[in-house]
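Coordinates in review
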Amino acid sequence: MKFDEFLLEALRRARRVAVLTGAGISAESGIPTFREAQTGLWAQYDPQELATPQAFRRNPRLVWEWYAWRRQLVTQAEPNPGHLALTALAGFVPQLTLITQNVDGLHQRAGSAGVIELHGNLTRYICFDRRHPVSAWAETDEVPPRCPLCGSRLRPDVVWFGESLPAEALRQAATAARSCDLFLSVGTSALVQPAASLPLEARQQGAMVVEVNPKETLLTPYVSVYVAGRAGEVLPALLRAAWPSAAENGLPG
Ligand code: NAD
């Protein structure tokens, strides 16, 4: 894979790098994105109609079981070379802020530290009415189970369509986007706000914005460099091209 020398030079010179990832980076780990058809039992459902508070109110059992299925996929999945390359990138640049819209925890499992999770994590639970964080509950036949503190139904600790993002995570992400000199957008359709505006804010502040995605997105016309390809192939190749010593440091191929 060949990259423009000016991209490699910008990467080597960057002091502060911000990275935004979306579902696409986990696709090569076998976790479907929202815009791919789902498989098996869930093929008939539209994820955008399950990942809402309205859907949970209407049919909490259905939403709970969909998340149980997704959680099982995530537990069985492994981080792929794209996740691992971003973990390695933190060792090559003075400051790296990794912001993700994913709820699968694969960046952390790949060894990335300080990941900003904009949309929560499906391995954590809160209750629907009062948002109490819950890690254990009495097993009964009821699905979803109930909050041990207030008795309301449990739900995954993720941000559903129409809900606000965690304020502190969003603040940190916006600060990183505004102060970086290079912003990397990986595997996101750039449709879901407010995450989609982060690369634009970076661009406005003069950062180079690089997009990695096999398909063009709404963001593509605004980026400095668009690299067409899969994250698991492009990111390790980019690191090896920018820092040939990366290959010797066990960067996955
Ligand atoms: P999306 O489903 O809207 O878009 C995925 C993007 O990834 C697309 O642009 C697609 O072209 C690209 N893509 C597909 N394969 C790729 C690959 N191998 N390498 C790089 N890019 C690839 O996802 P989104 O933008 O993250 O937004 C939708 C919402 O879906 C987010 O809120 C996110 O939390 C949620 N989601 C998360 C997961 C997860 O945690 N793994 C999975 C599905 C959906």
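As a starting point, this report considers the structure included with it. Being a predicted model, the structure only gives us computed values, none of them experimental.

**A look at the overall build of the protein**
Along its length, the protein carries 11 helices and nine strands. Relative to the compact-globule value of 18 Å for 253 residues, the protein shows a C-alpha radius of gyration of 19 Å, a close match. Dimensions along the principal axes, computed over C-alpha positions, put the protein at roughly 60 × 35 × 30 Å. Looking at the 253 residues of the protein, the share that counts as buried comes to 51%. Counting contacts in the protein only where the partners sit at least 6 residues apart, residues at least 24 apart contribute 67% of the total. Per element, the accessible surface of the protein, about 12200 Å² overall, is 50% carbon and sulfur.

**Brief notes about the sheet that holds strand β5 (residues 133-134)**
Sheet architecture is open: three strands sit in the order β5-β4-β6, paired in antiparallel fashion. This sheet does not close on itself; its edge strands, each paired only once, are β5 and β6 (154-158). Relative to β6, strand β4 (residues 120-127) runs antiparallel, the two being bridged by five bridges. Counterpart to Ile126 in the pairing with β6 is Arg155. Sitting on the sheet, helix α5 (residues 60-76) is in contact with β4 and β6, with an inclination near 145 degrees to β4.

**Some points on the nonpolar core**
In this structure, Leu184 and Leu235 are the most contacted members of the largest nonpolar core, which totals 31 residues. Contributions of two or more residues to this core are made by α1 (5-13), β1 (16-21), α6 (81-89), β7 (182-186), β8 (208-212), β9 (225-227) and α10 (231-242). The dominant element in this core, judged by the number of residues it contributes, is α10, at seven residues. Excluding residues within four positions of it along the chain, Leu184 makes contact with Ala18, Val19, Leu20, Leu86, Leu89, Val210, Val212 and Leu235. By size, the runner-up hydrophobic cluster in this structure holds 21 residues, among which are Ala174, Ala177, Ala190 and Val223.

**Describing the side chain of His83**
If you trace the backbone, His83 turns up in helix α6. Relative accessible area serves as the criterion here: at 0%, His83 is assigned to the buried category. Other than its neighbours up to four places away in sequence, His83 contacts Ile25, Ser26, Ser29, Leu106, His107 and Ala110.

**Concerning the packing of α6 against α10**
For the pair α6 and α10, the least separation of the axes is 7 Å and the interaxial angle reads 30 degrees. Taken together, the axes of α6 and α10 lie roughly parallel to each other. Crossing handedness for the pair α6 and α10: left-handed. Contacts between α6 and α10 pair Pro81, Gly82, Ala85, Leu86, Ala88 and Leu89 from the former with Ala231, Gly232, Leu235, Pro236 and Leu239 from the latter. Of the residues contributing to the contact of α6 with α10, the split by class is nine nonpolar, two polar and no charged.

**Some details on the pairing of β4**
Working note: regular strand, side chains alternate between the two faces of the sheet. For β4, the buried fraction is high: six of the eight residues fall into the buried class. Bridge count for β4 against β5 is two bridges, and the pairing is antiparallel. Pairing of Ile126 across the sheet is with Pro133, part of β5. Counting the residues between successive antiparallel strands, the hairpin from β4 to β5 contains five residues, one of them, Arg131, with a positive phi of roughly 60 degrees.

**Some words on the state of the cysteines**
Taken as a whole, this structure holds zero disulfides when the rule is applied. Free cysteine Cys127: the closest other cysteine sulfur is in Cys150, separated by 3.6 Å. Of all cysteine sulfurs in the structure, the one in Cys150 sits closest to Cys147, which takes part in no disulfide; the separation is 3.8 Å.

**Here's the deal with the site of the ligand**
Near the ligand you find 26 residues, and of these Arg35, Gln101, Asp104, His119 and Ser189 are the closest. For the ligand, a nitrogen atom lies 2.7 Å from a polar atom in the side chain of Glu28. A distance of 2.6 Å separates an oxygen atom of the ligand from a polar side-chain atom of Ser189. Protein contacts shield 92% of the accessible area of the ligand, which totals 850 Å² for the unbound molecule. More than half of the atoms of the ligand fall within 2 Å of the grid points belonging to the largest pocket. Residue contributions to the shell around the ligand peak at three residues, all from helix α2 (residues 24-27). For the shell around the ligand, the class distribution of residues is nine nonpolar, 11 polar and six charged.

**A look at unusual backbone geometry**
The amide bond that connects Val143 to the next residue, Pro144, takes the cis arrangement and shows omega of -10 degrees. For the bond from Gln193 to Pro194, the omega torsion is 0 degrees, close enough to zero to count as cis. In this fold, Pro194 is placed in the loop between β7 and α9 (198-204). Of note in this structure, Arg131 is not a glycine but carries a positive phi near 60 degrees.

Quick notes on the rules
- Residues numbered from 1 in each chain as written.
- Predicted model: local features only at pLDDT ≥ 70, side-chain atom pairs only at ≥ 80, totals over all residues.
- Heavy atoms only, no water.
- Helix = DSSP H or I, 4+ residues; strand = E, 2+ residues; numbered from the N terminus.
- Rg over C-alpha atoms; globule rule 2.2 N^0.38 Å.
- Buried < 20%, exposed > 50% of the residue type's maximum accessible area, 1.4 Å probe, protein only.
- Contact = heavy atoms within 4.5 Å.
- Areas by Shrake-Rupley, 256 points an atom, 1.4 Å probe, with all protein chains shown as cover.
- Pairing = 2+ DSSP bridges.
- Axes fitted to C-alpha atoms, helices over the stretch in contact; angles between N-to-C directions.
- Core = buried A, V, L, I, M, F, W, Y, C linked by side-chain atoms within 4.5 Å.
- Parallel < 35°, antiparallel > 145°, perpendicular 65-115°, else oblique.
- Left-handed = near helix turned anticlockwise from the far one by under 90°.
- Nonpolar A, V, L, I, M, F, W, Y, C, P; charged D, E, K, R; others polar.
- Disulfide = S-S within 2.5 Å.
- Near = heavy atom within 4 Å.
- Polar contact = N/O pair within 3.5 Å; in protein donor to acceptor, adjacent residues only side chain to side chain.
- 1 Å grid on protein atoms, 1.4 Å probe; cavity = no way out; pocket = protein on both sides within 12 Å on 5 of 7 lines; lining within 4 Å.
- Sits in = over half its atoms within 2 Å of the grid points.

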